[in-house]
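# Observations on the three-dimensional arrangement
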Amino acid sequence: MLIDPAAPLRGPGGRLELARELLGAAQCVAVFTGAGISAESGVPTFRGADGWWRRYRPQDLANPLAFRDDPLLVWSWYAWRRELIARCEPNAAHYALARCVLESAGAWRIITQNVDGLHQRAIAELSGVAPGEVPDDLRPLALHGEIFRVRCSECGHAAPHLEPIDATSVETLPCCPECGALTRPAVVWFGESLDNTQLQHAMGVAEHADVGLVIGTSGLVQPAASLPHMTRQAGGRIIEVNPDPTPLTELAELWFASKAALIVPELLEGLAGLEGGTGRFRP
Ligand code: OAD
């Protein structure tokens, strides 16, 4: 049952206090994020007023047939997105979540639809390591892939790829170091399945979580949109952060109609400090 979003936010018995109590008492927290958490970092969302899908047709750019027919057009778009994202920095919401992941020793796990790598960068920066060196059990589960990784269109070899993409001709596009074939962005395109191992892992995290914290997703794209439902159906509690209501808001007990970078740091403030890796936080 959703607590009245107009009820007091702060102070004794306020909605922030109630949310902190739920999160502080949780053994495991699943954090489900979408493009909205990166909006204040300058990364466009997909369906917002200035979103990617308002300007481009996904079927023209983000699907295997488009890549087969015109790899140069598809790579030119991804090269432009990579350059834009490379100029963006994680925001306060990314860092607040990264702190909780690190200080809970993985009892908090991020499951993101975002391919921008900003969660990984925030965790790596707070850990003092390179993004590629973040231990697997602390890495976000990036369900839709990572825009700074490439995968061979023939043999499937995948690897990080941070260099600028030379999209002046098909011949200058990145090729597989193993078989020489053209590589593609290691992201999930329309009509493609998610990595099943990663999806099964994400479903396990969702079902095991005492609290699901849903941040900045329209809740429209499957199977990611089903994960908070799995948390709820397994008895977990749902908290949502999104300026607008979504199909997931009906699952939430607490909905913060706010921008992530504004409310998430305040929401998670004081939750740090793990007692011996038990997944519990000092109040
Ligand atoms: P959408 O663009 O569909 O939704 C973004 C959500 O973020 C909306 O609900 C906004 O209200 C919310 N939002 C906007 N600004 C925000 C802010 N500052 N703080 C918090 N929330 C904010 O993006 P996703 O839900 O992530 O798929 O889209 C899911 C998938 O659809 C993407 O991963 C992509 C796209 O097609 C693939 O690429 C496979």
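Residues numbered from 1 in each chain as written. Predicted model: local features only at pLDDT ≥ 70, side-chain atom pairs only at ≥ 80, totals over all residues. Heavy atoms only, no water.

### Structural notes on the overall build of the chain
Definition in use: Strands here mean DSSP runs of E at least two residues long; helices mean DSSP runs of H or I at least four residues long; both are numbered from the N terminus. Working definition: with a 1.4 Å probe on protein chains only, accessible area under 20% of the residue-type maximum means buried, over 50% means exposed, and in between means partly exposed. Pairs of residues are marked as contacts when any of their non-hydrogen atoms sit within 4.5 Å. A 1.4 Å probe and the Shrake-Rupley method give the accessible areas. Residues count as covered only by the protein chains that appear here.
Each helix and strand in the chain was counted, giving ten helices and nine strands. Overall, the C-alpha framework of the chain stretches about 65 × 40 × 30 Å when taken along its three principal axes. A burial count over the chain gives 51% of its 283 residues as buried. Taking the intrachain contacts of the chain between residues at least 6 apart in sequence as the baseline, contacts between residues at least 24 apart amount to 69%. Accessible surface, the chain: about 12,700 Å² in total, of which carbon and sulfur atoms supply 55%.

### Considering the site of the ligand
Note the threshold: Nearness is defined per residue: one heavy atom within 4 Å of the molecule or strand is enough. Any pair of N or O atoms that falls within 3.5 Å is considered a polar contact. Within protein, one atom must be able to donate a hydrogen and the other to accept it, and sequence-neighbouring residues count only if both atoms are side-chain atoms.
Taken together, 22 residues are adjacent to the ligand, and Glu40, Arg47, Thr217, Ser218 and Asn242 come closest. The contact in question runs from a nitrogen atom of the ligand to an N or O atom on the side chain of Glu40, over 2.7 Å. Asp244 places a polar side-chain atom, nitrogen or oxygen, 3.5 Å from an oxygen atom of the ligand.

### Some thoughts on the environment of Glu253
You can see Glu253 is positioned in the loop between strand E8 (237–241) and strand E9 (254–256). Classification of Glu253 by relative accessible area gives buried; the value is 14%. Once residues lying within four places of it in the same chain are set aside, the contact partners of Glu253 are Met1, Leu2, Ile3, Arg237 and Ile238.

### A look at the sheet that holds strand E4 (residues 145–152)
Applied cut-off: Strands are labelled as partners when DSSP assigns at least two bridges between them. As a rule, the C-alpha atoms of each element are fitted with a line to give its axis, helices using only the stretch in contact, and angles between N-to-C directions run from 0 to 180 degrees.
If you trace the three strands from one edge of the open sheet to the other, you get E5-E4-E6, paired in antiparallel fashion. Taken across any chain shown, the strands that pair with only one partner, and hence form the sheet edges, are strand E5 (158–160) and strand E6 (183–187). Pairs of neighbouring strands in the sheet enclose a mean axial angle of 40°, with direction left out of account. Here E4 runs beside E6; their pairing, made up of four bridges, is antiparallel. Its bridge partner lying in E6, Gly145 is registered against Val187.

### Focus on the packing of helix H1 (residues 15–25) against helix H10 (residues 260–268)
Stated formally: For classification purposes, angles smaller than 35 degrees are called roughly parallel, those larger than 145 roughly antiparallel, those between 65 and 115 roughly perpendicular, and all remaining angles oblique. We call a crossing left-handed when the near helix sits turned anticlockwise from the far one by less than a right angle, and right-handed when that turn is clockwise. When residue character is reported, Ala, Val, Leu, Ile, Met, Phe, Trp, Tyr, Cys and Pro are called nonpolar, Asp, Glu, Lys and Arg charged, and the others, Gly included, polar.
Where H1 meets H10, the closest approach of the two axes is 9 Å, and the angle between their N-to-C directions is 60°. Considering the angle they form, H1 stands oblique to H10. In the packing of H1 onto H10, the handedness of the crossing is right-handed. Together, Leu16, Ala19, Arg20 and Leu23 of H1 and Ile263, Glu266, Leu267 and Leu268 of H10 make up the contact between the two elements. A class-by-class count of the residues in the contact of H1 with H10 yields six nonpolar, no polar and two charged.

### What to know about the packing of helix H6 (residues 92–103) against H10
Packing of H6 against H10 brings their axes to within 7 Å, and their N-to-C directions diverge by 25°. Between H6 and H10, the angle is such that the two are roughly parallel. At the point where H6 passes H10, the crossing takes the left-handed sense. Facing Ala92, Ala93, Ala96, Leu97, Arg99 and Cys100 of H6, the residues of H10 in contact are Ala260, Ala261, Val264, Pro265 and Leu268. Among the residues making up the contact of H6 with H10, the classes are represented as ten nonpolar, no polar and one charged.

Geometric descriptors of this kind do not, in isolation, establish any biological role.
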